[in-house]
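In case you want the letters, here they are:
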Amino acid sequence: MRTQVGIIGAGPAGLLLSHLLHLNGIESVVIEERSEDYVRQRVRAGVLENTTTDLLREVGLGERMDREGLVHGGVSFRFDGADHRIAFEELIGRNVTVYGQQEVVKDLIDARNRDGGRLLFEVSGTAVHDIDTDRPRITFTDSAGQPQELVCDVVAGCDGFHGVSRKSVPHEAYDHTYPFAWLGVLAKAAPTREEIAYTHHERGFALYSMRSPEITRLYLQVAPDEDIANWPDDRIWAELHTRMAVAGESPVLEGPVLDKGITAMRSFVATPMRHGRLFLAGDAAHIVPPTGAKGMNLAVADVRLLSMALTELLRRNDSRLIESYSDTALRRVWRAEAFSWTMTSMLHVMPGADAFQRQVQLAQLRYTVSSTAAMTSIAENYVGLPW
Ligand code: RFL
Ligand code: PHB
């Protein structure tokens, strides 16, 4: 097989890259190790920056998002037994949209299928070769068990944090793990509030979010090595009520649990994001803890840049943008790393923190929700800084 851009991974990064390249007249093939059903159903991120929704609309992917997405003009921080709203729309005139990552992925798969895109699911044994030459190759076994070779002009490694691409890029790794994890629950229960609430409670962080008028999405800070078996549904609900209550009232309405899982919290950056003709994008190159809701948005930002750079390279033989791809992308990545780290440190209970550190943390929270300057800073980072 032959194509211009061989894309490894059908997550938001790989699928959107393929779509953007198609709009610019560039051919690609996406290979994915999971099944199409699995990829369409995988429950993950929920918050789209204003920059992301603008881009999705611009490239013809806004229709269902605008119909079903929930526009939020602010978020709340809950602590000291009260709700403190950060009003994005009043502060900076922008907002975010809650629209599940798997909905974006479904819209992308449907768009690629409509446009005759080549998406190969259930491949195995993916390996990249000859990335130092101008004819890199990807080898894999297809879903029928046949060995395949894909010869390309360029390879895009969009295969997430546990993929194979990053191993072929000599890089410096910046890695930070946090002494806690998130237990996430998707429940068939109507949200009782209209906006997301980030809760700081002495028993640990909790997050109230939603997916639709029928579905709530909730998270609890737990130990990093926590076993999900220790968290029967009753315990989860009891803990959510305790942490999120304001003046004795819990916003949480219980309902059947549709999905639950534990996510480790980590910050990671690989630099550079390129070696020869292999370019990394999204979680393959960097991850952030989910507290800032930045992961998928960063994947979108990377592939927006990469699609423009590859278009210049492959259509006009101009390599200036591609030469600066890694440096330019990493500027935004490090900003998001800083924001995610700040949000994570401010809102979680830090195991082992002494009494002094706890008071400093509370002082920081109180300042953040009472200063217009501090709230504006949270708002502009949360809704997405300009490209
Ligand atoms: P993905 O989505 O991991 O996709 C990579 C794809 O590559 C495939 N793959 C391979 N395919 C072929 N050959 C191989 N050898 C392969 N190895 C892997 C995988 O099967 C997969 O389909 O990476 P991508 O596209 O870079 O997208 C990144 C986002 O998925 C991620 O950053 C977000 O989900 C992070 N995240 C959030 N981001 C936000 O912007 N807002 C949020 O509110 C938000 N909340 C979250 C999150 C992530 C979470 N978890 C579960 C990690 C909340 C949680 C709980
Ligand atoms: C979600 O709705 O899944 C969600 C919301 C905000 C975050 C992370 C995840 O910071």
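Below: a short report on this structure. (Residues numbered from 1 in each chain as written. Chains lettered and ligands numbered in written order. Predicted model: local features only at pLDDT ≥ 70, side-chain atom pairs only at ≥ 80, totals over all residues. Heavy atoms only, no water.)

Some thoughts on helix H3 (residues 50–58)
By the burial criterion, the buried members of H3 are Asn50, Thr51, Thr52, Thr53, Leu55 and Leu56. Positive phi shows up at Gly60, right after H3, with a value of about 80 degrees. (Buried < 20%, exposed > 50% of the residue type's maximum accessible area, 1.4 Å probe, protein only. Helix = DSSP H or I, 4+ residues; strand = E, 2+ residues; numbered from the N terminus.)

Re the site of ligand 2
Every one of the 14 residues lining ligand 2 counts as a neighbour, but Tyr198, Ser209, Arg211, Tyr219 and Pro290 are closest to it. Between ligand 2 and Ser209 there is a distance of 2.6 Å, counted from an oxygen atom to a side-chain nitrogen or oxygen. Interatomic distance of 2.7 Å between a side-chain N/O atom of Tyr219 and an oxygen atom of ligand 2. When the free accessible area of ligand 2 is taken as 280 Å², the share hidden by the protein chains comes to 97%. Elements with a minimum of two residues in the shell around ligand 2: strand S15 (204–212) and strand S16 (215–222). Considering each element in turn, the shell around ligand 2 owes the most residues, three residues, to S15. (Near = heavy atom within 4 Å. Polar contact = N/O pair within 3.5 Å; in protein donor to acceptor, adjacent residues only side chain to side chain. Areas by Shrake-Rupley, 256 points an atom, 1.4 Å probe, with all protein chains shown as cover.)

Re unusual backbone geometry
For residues other than glycine, phi is negative in most cases, and the peptide bonds are mostly trans. Put simply, Thr271 and Pro272 share a cis peptide bond, and its omega is 0 degrees. Among the structural elements, Pro272 can be located in the loop between strand S17 (257–271) and strand S18 (274–275). Phi at Asp80 takes a positive value of approximately 50 degrees, unusual for a residue other than glycine. You can see Asp80 is positioned in the loop between strand S5 (74–79) and strand S6 (82–87). Since its relative accessible area comes to 47%, Asp80 is described here as partly exposed. Residues other than glycine seldom take positive phi values, yet Asp130 does so here, at roughly 55 degrees. Relative to the helices and strands, Asp130 is located in the loop between strand S9 (124–129) and strand S10 (137–141). Note on Asp130: relative accessible area 37%, which makes it partly exposed.

Read these as spatial facts, not as claims about activity.
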